[in-house]
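Observations on the model geometry
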Amino acid sequence: MTTKKSSRSSRSHRPLGLLLLVVPALLSSGCAASTPAPSSAPAETWTSTYTASEATEMAPLTGLALAEGSLAHPSLAAKIDNHSAARPQVAIDQTDLVFEELVEGGITRYVAVWQSNIPDALGPVRSIRPMDPDIIAPFGGLVAYSGGQQRFVDAMNATGQVSAIFDYDTTGLFSRSSATAAPHNVILAASEFVNRNAEVAPPAQQYAYAATLADASASVDGTPISVINTRFSTASGRSWTWNAEASAYLRAQDGTPDLSAAGVQLKATNLVVLRVNVTVDQSIPKTELIASGEASVSTGGKSVTATWSKGSQTAPIRLVDGNGVTIRLAPGNTWFQLVPNDTGSVELVP
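Presented here is a report on the structure given in the accompanying data block. This one's a predicted model, so the numbers in the text were calculated from it and none came from an experiment.

Below, the discussion takes up the overall build of the protein. Looking only at helices and strands, the protein features five helices and 25 strands. A buried classification covers 46% of the 350 residues belonging to the protein. Excluding contacts between residues fewer than 6 apart, the proportion of contacts in the protein whose partners are at least 24 apart in sequence is 62%. As displayed, the protein offers around 17,100 Å² of accessible surface, 55% of which is attributable to carbon and sulfur atoms.

Here it is as structure tokens:
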């Protein structure tokens with residue numbers, strides 16, 4: 001009996017053992033079938049298209065951001081003719097700054113200043129006047145004029161500016177244009193003059209600048225003004241009209257648009273009007289600039305009342321509002337109108 005039970009027990013366990021061996025084999029077979037084959041395609045690569053922005057620096061006479069290293073040269077101031085026979089002037093539309101001043105006969109001339117963009121040529125260049133050293137001295141750079149009374153030439157030389165004077169030039173910096181008649185046709189080789197004096201330092205920043213036109217003091221705090229009319233004498237009327245499309249004031253002179261040599265109306269991002277005293281120096285008007293007085297600053301179609309002051313010949317003109325806060329100009333070019341208190345007038349038209 002014992003032998004028979006042992007035989008049955010042994011037979012009853014064999015199928016279970018076989019089943020256990022088959023199941024792992026089936027599971028192994030199923031796993032192998034579901035595993036994907038390795039891909040031989042190359043991995044996708046990604047390339048950045050980012051380009052770093054060009055390094056910039058601020059132009060000291062406009063507040064504009066220009067390419068770093070492009071401003072490593074001096075400023076160039078020139079006495080520019082504004083007689084009707086001298087228009088249109090060469091490169092007057094490329095200036096950083098323009099100062100318009102009263103001269104003999106009730107007409108005006110310009111002290112124009114270039115630095116962020118030096119043109120190949122500019123003019124017509126005319127003679128110096130007694131207030132010009134006070135205007136030009138703060139820039140510490142180069143100056144060009146045709147001549148003038150020796151006392152005025154001596155005063156300019158005393159400022160330390162590097163001068164190019166047509167009456168004494170033997171180096172070929174000046175020529176006469178055939179576009180206009182003498183004496184309204186003296187042209188300066190501007191870029192050549194600057195290249196010859198590249199070691200002269202760039203000017204210091206003269207005025208405060210906002211980051212944008214909308215942030216300028218007049219834009220923020222000013223009264224909307226569409227037209228600024230200035231008169232230097234009964235013979236000299238000027239008009240500046242705000243043009244929103246150009247984001248600038250367009251200039252008219254003696255009732256007609258004032259045009260560049262390319263036929264484009266002259267414009268200013270900032271228009272600064274200084275009321276000044278004018279004395280007479282041996283029949284020659286002299287704008288008194290080492291002084292202070294009333295002013296208006298116009299930017300972005302608005303104007304703000306200001307006070308101007310200049311403490312010394314080498315000091316820049318300072319502009320503050322009614323609270324004594326420094327006025328910030330918009331980045332761009334600026335025209336200064338030095339309007340006499342006695343013979344001149346200013347009208348701001350909403």
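This is not the end of the story, as more comes after the structure.
The next subject is the environment of Glu104. Residue position: Glu104 is located in the loop between strand 4 (97-102) and strand 5 (108-114). For Glu104, the contacting residues outside a window of four places in its chain are Arg129, Ser283, Ile284 and Pro285. There is a polar contact of 2.9 Å between the side chain of Glu104 and the side chain of Arg129.

The next point concerns the nonpolar core. By size, the foremost hydrophobic cluster in this structure holds 73 residues, and its most contacted members are Phe99, Leu122, Leu188, Leu274 and Trp335. Ignoring anything within four residues of it in the chain, the contact list for Leu274 reads Glu294, Ala295, Trp308, Ile317, Leu319, Phe336, Gln337, Leu338 and Val339.

Scanning the model with the defined rule gives eleven salt bridges in all. One continuous salt-bridge network, built from bridges that share partners, spans Arg87, Glu100, Arg238, Arg251, Asp254 and Asp258.

Relative to the assigned elements, Thr269 resides in the loop between strand 16 (267-268) and strand 17 (270-276). Looking at Thr269, the relative accessible area reads 13%, which means it is buried. Apart from the residues within four sequence positions on either side, Thr269 is in contact with Leu213, Ser247, Ala248, Tyr249, Ser298, Thr299, Ala330, Pro331, Gly332 and Asn333.

Within this structure, the stated rule accounts for seven aromatic pairs. Arranged with centres 5.4 Å apart and planes meeting at 40 degrees, the rings of Tyr207 and Phe336 form a pair that is tilted. Within this pair, whereas Tyr207 is found in the loop between helix 4 (190-196) and strand 10 (208-209), its partner Phe336 is found in strand 24 (residues 334-340), the two being separated by 129 residues in sequence. Each of the two residues, Tyr207 as well as Phe336, counts as buried. Among the aromatic side chains, those forming a connected cluster through ring pairs are Phe99, Phe139, Tyr207 and Phe336.

In this section: the pairing of strand 21 (residues 302-309). As paired strands, strand 11 (residues 223-224) and strand 21 are joined by two bridges and run antiparallel to one another. In the sheet register, Thr223 faces strand 21, and the bridge partner there is Ser303. By the bridge criterion, eight bridges tie strand 20 (residues 292-299) to strand 21 in an arrangement that is antiparallel. Within the sheet, the bridge partner assigned to Ala295 lies in strand 21 and is Ala306. Direction of pairing for strand 21 relative to strand 22 (residues 318-320): antiparallel, over a ladder of three bridges. In the strand pairing of strand 22, Ser309 is matched with Arg318.

Rules and cut-offs
- Residues numbered from 1 in each chain as written.
- Predicted model: local features only at pLDDT ≥ 70, side-chain atom pairs only at ≥ 80, totals over all residues.
- Heavy atoms only, no water.
- Helix = DSSP H or I, 4+ residues; strand = E, 2+ residues; numbered from the N terminus.
- Buried < 20%, exposed > 50% of the residue type's maximum accessible area, 1.4 Å probe, protein only.
- Contact = heavy atoms within 4.5 Å.
- Areas by Shrake-Rupley, 256 points an atom, 1.4 Å probe, with all protein chains shown as cover.
- Polar contact = N/O pair within 3.5 Å; in protein donor to acceptor, adjacent residues only side chain to side chain.
- Core = buried A, V, L, I, M, F, W, Y, C linked by side-chain atoms within 4.5 Å.
- Salt bridge = Lys/Arg side-chain N within 4 Å of Asp/Glu carboxyl O.
- Phe/Tyr/Trp six-rings, centres within 6.5 Å; stacked < 30°, edge-to-face > 60°.
- Pairing = 2+ DSSP bridges.

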